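Residues per chain, in single letters:
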Amino acid sequence: MAANDNRRVIAVADPAALAAAAAERVLARMAANNGRVAICLTGGSSPKQLYQLLASDTYRSRIPWQRVHWFIGDERFVPADDPLNNMGMARKTLLDGCAPAANIHPIPTATADPADPDRGAALYEQELRSFYGADTLDPARPLFDLVLMGAGPDGHTASLFPGDPALDETARWVVGVPKANVEPFVPRITLTLPTLASCREMLFELAGGAKRAILTRLFAGENLPANRARSAGETIWLVDRDALPEDFG
Ligand code: 6PG
């Protein structure tokens, strides 16, 4: 698969339309792979409506649950049942009750040491490598079918913050982030850019007026983490009307 520096922006009316468009893309990726499917979820508030929609009767029955595996792009050092736990939110809104327990792959922040986030990162890296079946990512065989992403007010994505050396990591698949740039100010564990790039599709969701300022900077091409995240396959940004910069287009 050739490296792909482009991204496609798809404008939608509102958060409901955004969740519906994202849900159709998720299902299309599952349908395109008749083997084991790997989806990398994201945290924050942006994907919540998508998860709720996927859990609704109409969508839930279209998901081949037995052969879909669920990962998470980054996690915060908060207890597993804290509403700010990224996988906890995904479990509560979508996975619990539908996904086989063995198909849910949380980052082990609940048991790892927040003072040594690299240790927890190494454990998750091991889990990803063993799922993938190799120690090196082959561009012809992406790790994930789909990676969901969001962007924060400072242009971070996953837990890759502006100016953090983690952005330049090329060897490790997962790294510890001792200090977050935004709330919650707790250590994090995040997948690195090459790991996130190893997918058939990377799908960003951005909705609401609060995203407009950062989207204006991102679309102007500023060197920010969200602009550096690209799939080796397709990179799609789903943006709703309120988030879209006025001069876009
Ligand atoms: C995290 C997220 C992060 C998120 C953005 C957007 O753990 O903080 O993975 O990268 O996607 O901060 O967050 P919102 O969706 O809450 O705006």
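Everything numeric here is computed off the predicted structure, so don't read it as measured data. (Residues numbered from 1 in each chain as written. Predicted model: local features only at pLDDT ≥ 70, side-chain atom pairs only at ≥ 80, totals over all residues. Heavy atoms only, no water.)

## Let's talk about the overall build of the protein
- Counting its secondary structure elements, the protein contains 8 helices and 9 strands.
- Here the C-alpha radius of gyration of the protein, 17 Å, is about what a compact globule of 249 residues would show, namely 18 Å.
- Taking the principal axes of its C-alpha atoms as reference, the protein extends roughly 45 × 40 × 40 Å.
- In the protein, buried positions account for 54% of the 249 residues. (Helix = DSSP H or I, 4+ residues; strand = E, 2+ residues; numbered from the N terminus. Rg over C-alpha atoms; globule rule 2.2 N^0.38 Å. Buried < 20%, exposed > 50% of the residue type's maximum accessible area, 1.4 Å probe, protein only.)

## Some details on the pairing of strand E6 (residues 174–177)
- The alternating pattern of E6 places Val174 and Gly176 on one face and Val175 and Val177 on the opposite face, and all of these are buried.
- Sheet topology places E6 next to strand E7 (residues 188–191); 4 bridges connect them, and they run antiparallel. Bridge assignment links Val177 to a residue of E7, and that residue is Arg188. (Pairing = 2+ DSSP bridges.)

## Observations regarding the sheet that holds strand E9 (residues 234–240)
- One open sheet holds the 6 strands; their spatial order is E1-E9-E8-E5-E2-E3, and the pairing between them is parallel. Every interior strand has two partners, whereas the edge strands, strand E1 (8–12) and strand E3 (68–72), have only one. Ignoring strand direction, the axes of neighbouring strands in this sheet form an average angle of 20°.
- Two elements, strand E5 (residues 144–149) and strand E8 (residues 199–206), share 5 bridges in a ladder whose sense is parallel. Bridge pairing in E8 links Met149 to Phe204.
- On top of the sheet, helix H5 (residues 117–132) reaches strand E2 (37–41), E3 and E5; it is set at about 155° to E3, its chief contact. (Axes fitted to C-alpha atoms, helices over the stretch in contact; angles between N-to-C directions. Contact = heavy atoms within 4.5 Å.)

## Quick word on the nonpolar core
- Grouped together as the largest cluster of nonpolar side chains are 73 residues, with contacts concentrated most on Met30, Leu41, Trp70, Leu95, Leu128, Phe144 and Leu191.
- Tallying contributions element by element places helix H1 (residues 15–32) first for this core, with 6 residues. (Core = buried A, V, L, I, M, F, W, Y, C linked by side-chain atoms within 4.5 Å.)

## What to know about the side chain of Glu169
- Relative to the helices and strands, Glu169 resides in the loop between E5 and E6.
- A distance of 3.2 Å separates a polar atom in the side chain of Glu169 from the backbone nitrogen of Ala171.
- For Glu169, the residues in contact, after removing those within four places along its chain, are Val175, Thr192 and Pro194. (Polar contact = N/O pair within 3.5 Å; in protein donor to acceptor, adjacent residues only side chain to side chain.)

## Focus: the state of the cysteines
- Enumeration according to the criterion identifies 0 disulfides in this entry.
- Unpaired in this structure, Cys98 has its nearest cysteine sulfur neighbour in Cys40, at a distance of 19 Å.
- Not engaged in a disulfide, the cysteine Cys199 finds its nearest cysteine sulfur in Cys40; these two sulfurs lie 8.6 Å apart.
- Judged by its relative accessible area of 0%, Cys199 falls in the buried class. (Disulfide = S-S within 2.5 Å.)

## Focus on the packing of H1 against helix H2 (residues 48–55)
- Contact pair H1 / H2: the axes reach a minimum separation of 9 Å and the direction vectors enclose 60°. The orientation of H1 with respect to H2, classified from their angle, is oblique. Here the hand of the crossing between H1 and H2 comes out right-handed. The segment H1 lies against H2, with Pro15, Ala16, Ala19, Ala20, Ala22, Ala23 and Val26 engaging Gln49, Leu50, Leu53 and Leu54.
- Broken down by class, the residue content of the contact of H1 with H2 amounts to 10 nonpolar, 1 polar and no charged. (Parallel < 35°, antiparallel > 145°, perpendicular 65-115°, else oblique. Left-handed = near helix turned anticlockwise from the far one by under 90°. Nonpolar A, V, L, I, M, F, W, Y, C, P; charged D, E, K, R; others polar.)

## Overview of the site of the ligand
- Taken together, 16 residues form the shell around the ligand, and within it Ser45, Ser46, Asp74, Ala158 and Lys211 come nearest.
- With respect to the ligand, the side chain of Thr42 contributes an N or O atom lying 3.3 Å from an oxygen atom.
- A distance of 2.5 Å is found between an oxygen atom of the ligand and a side-chain nitrogen or oxygen belonging to Lys211.
- Burial of the ligand by the protein amounts to 89% of the accessible area it has alone, namely 420 Å².
- Taken atom by atom, the bulk of the ligand overlaps the largest pocket.
- In terms of residue class, the shell around the ligand is built from 2 nonpolar, 10 polar and 4 charged. (Near = heavy atom within 4 Å. Areas by Shrake-Rupley, 256 points an atom, 1.4 Å probe, with all protein chains shown as cover. 1 Å grid on protein atoms, 1.4 Å probe; cavity = no way out; pocket = protein on both sides within 12 Å on 5 of 7 lines; lining within 4 Å. Sits in = over half its atoms within 2 Å of the grid points.)

## Considerations on the sheet that holds strand E4 (residues 74–76)
- If you walk across this open sheet you meet the 3 strands as E4-E7-E6, and the pairing is antiparallel. Two strands close off the open sheet at either side, each with one partner strand: E4 and E6. Strand-to-strand twist of the sheet, defined as the mean angle between neighbouring strand axes without regard to direction, takes the value 15°.
- Contacting E6 and E7, H5 crosses the sheet at an angle of about 160° to E6.

Function cannot be inferred from these measures alone, as they are strictly geometric.
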